[in-house]
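The chain contents come next:
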Amino acid sequence: QLQLVESGGGLVEPGGSLRLSCAASGFTFDSYAVGWFRQAPGKEREGVSCINGSGGVTNYADTVKGRFTISRDNAKDTVYLQMNSLKPEDTAVYYCAADPWLAVSICEPDPRFEFWGQGTQVTVSS
């Protein structure tokens with residue numbers, strides 16, 4: 001059982017908040033950097049936020065800085081993405097990915113990452 005599972009997506013009004021969770025199982029979680037990525041209809045998958053194995057280094061896309069916060073609880077094998085002040089432009093399927101070599105400073109998707117979750121839909125609409 002080697003996997004990541006996202007949860008917490010849903011429908012929210014502009015200005016609202018959601019907290020996404022990425023739960024890992026079957027591997028040594030604290031050895032893996034983790035990223036959140038999203039893909040909106042008609043757009044390429046893009047990096048949202050990334051965090052290193054210990055949680056001490058983070059990175060955010062300019063579009064979400066000041067609104068989103070990434071964190072991790074290695075005792076629970078879980079990474080979170082707290083999303084505040086949500087905008088319609090945040091509407092997308094959100095995926096988490098984990099890899100020992102995920103570059104937090106770059107934080108862009110790579111299909112070679114060892115683990116990808118199945119995605120969770122976030123819809124921001126009035």
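Relevant structure appears above.
Figured I'd write up the structure that's included with this text.

Definitions and limits used
- Residues numbered from 1 in each chain as written.
- Predicted model: local features only at pLDDT ≥ 70, side-chain atom pairs only at ≥ 80, totals over all residues.
- Heavy atoms only, no water.
- Helix = DSSP H or I, 4+ residues; strand = E, 2+ residues; numbered from the N terminus.
- Rg over C-alpha atoms; globule rule 2.2 N^0.38 Å.
- Contact = heavy atoms within 4.5 Å.
- Lys, Arg positive; Asp, Glu negative; His and termini not counted.
- Charge placed at Lys NZ, Arg CZ, Asp CG, Glu CD.
- Salt bridge = Lys/Arg side-chain N within 4 Å of Asp/Glu carboxyl O.
- Buried < 20%, exposed > 50% of the residue type's maximum accessible area, 1.4 Å probe, protein only.
- Pairing = 2+ DSSP bridges.
- Axes fitted to C-alpha atoms, helices over the stretch in contact; angles between N-to-C directions.
- Core = buried A, V, L, I, M, F, W, Y, C linked by side-chain atoms within 4.5 Å.
- Disulfide = S-S within 2.5 Å.

1. Digging into the overall build of the protein chain
For the protein chain, the helix and strand inventory stands at zero helices and 11 strands. Helices and strands appear in the protein chain in the N-to-C order β-β-β-β-β-β-β-β-β-β-β. Taken over the C-alpha trace, the protein chain has a radius of gyration of 13 Å; the compact-globule value for 126 residues is 14 Å, and the two agree within 12%. Counting only contacts in the protein chain whose residues sit at least 6 apart along the sequence, the fraction spanning at least 24 positions is 60%. Taking the average location of the 10 positive side-chain charges in the protein chain and that of its 14 negative ones, the two points are 4 Å from each other.

2. Remarks on the pattern of salt bridges
One pass over the full model with this rule turns up five salt bridges. One salt bridge in this structure joins R67 and D90, with 2.8 Å as the shortest N-O distance. Taken together, the residues R67 in the loop between β6 (58–60) and β7 (68–73) and D90 in the loop between β8 (78–83) and β9 (92–99) connect sequence positions 23 residues apart. Relative accessible area serves as the criterion here: at 1%, D90 is assigned to the buried category.

3. Quick notes on the sheet that holds β8
Spatially, four strands are ordered β1-β3-β8-β7 in an open sheet, and the strand pairing comes out antiparallel. Edge positions in the open sheet fall to β1 (3–7) and β7, since each of these has one partner strand only. Each neighbouring strand pair of the sheet contributes to a mean axis angle of 15°, computed without reference to strand direction.

4. Some words on the pairing of β8
Most of β8 sits out of view: five of its six residues are buried. Bridge count between strand β3 (residues 18–25) and β8: six bridges; the pairing is antiparallel. Within β8, the residue paired with R19 across the bridge is Q82. Note that β7 and β8 share six bridges and pair antiparallel. Each residue of the ladder has a partner; that of D73, found in β8, is T78. Connecting β7 to the next strand, β8, in antiparallel fashion are four residues, including D77 with a positive phi near 55°.

5. Here's the deal with the nonpolar core
Ranked by internal contacts, the top residues of the largest apolar core, which has 30 residues, are W36, L81, M83 and Y94. Every element with two or more residues in this core is listed here: β3, β4 (33–39), β5 (46–51), β7, β8, β9 and β11 (120–124). Core analysis: the second largest hydrophobic core is formed by eight residues, F37, L102, C107 and F113 among them.

6. Focus: the state of the cysteines
Within this structure, the stated rule accounts for two disulfides. Disulfide partner of C22: C96, at an S-S distance of 2.0 Å. Sign of the S-S torsion, about 75° for the bond between C22 and C96, identifies this disulfide as right-handed. Placement of C22 in strand β3 and of C96 in strand β9 is noted, with a sequence separation of 74 residues between them. Using a relative accessible area of 0% as the deciding quantity, one classes C96 as buried. Along the protein chain, the cysteines that take part in disulfide bonds pair up as 1-3, 2-4, counted in sequence order.

Shape is all these values report; function is a separate question.
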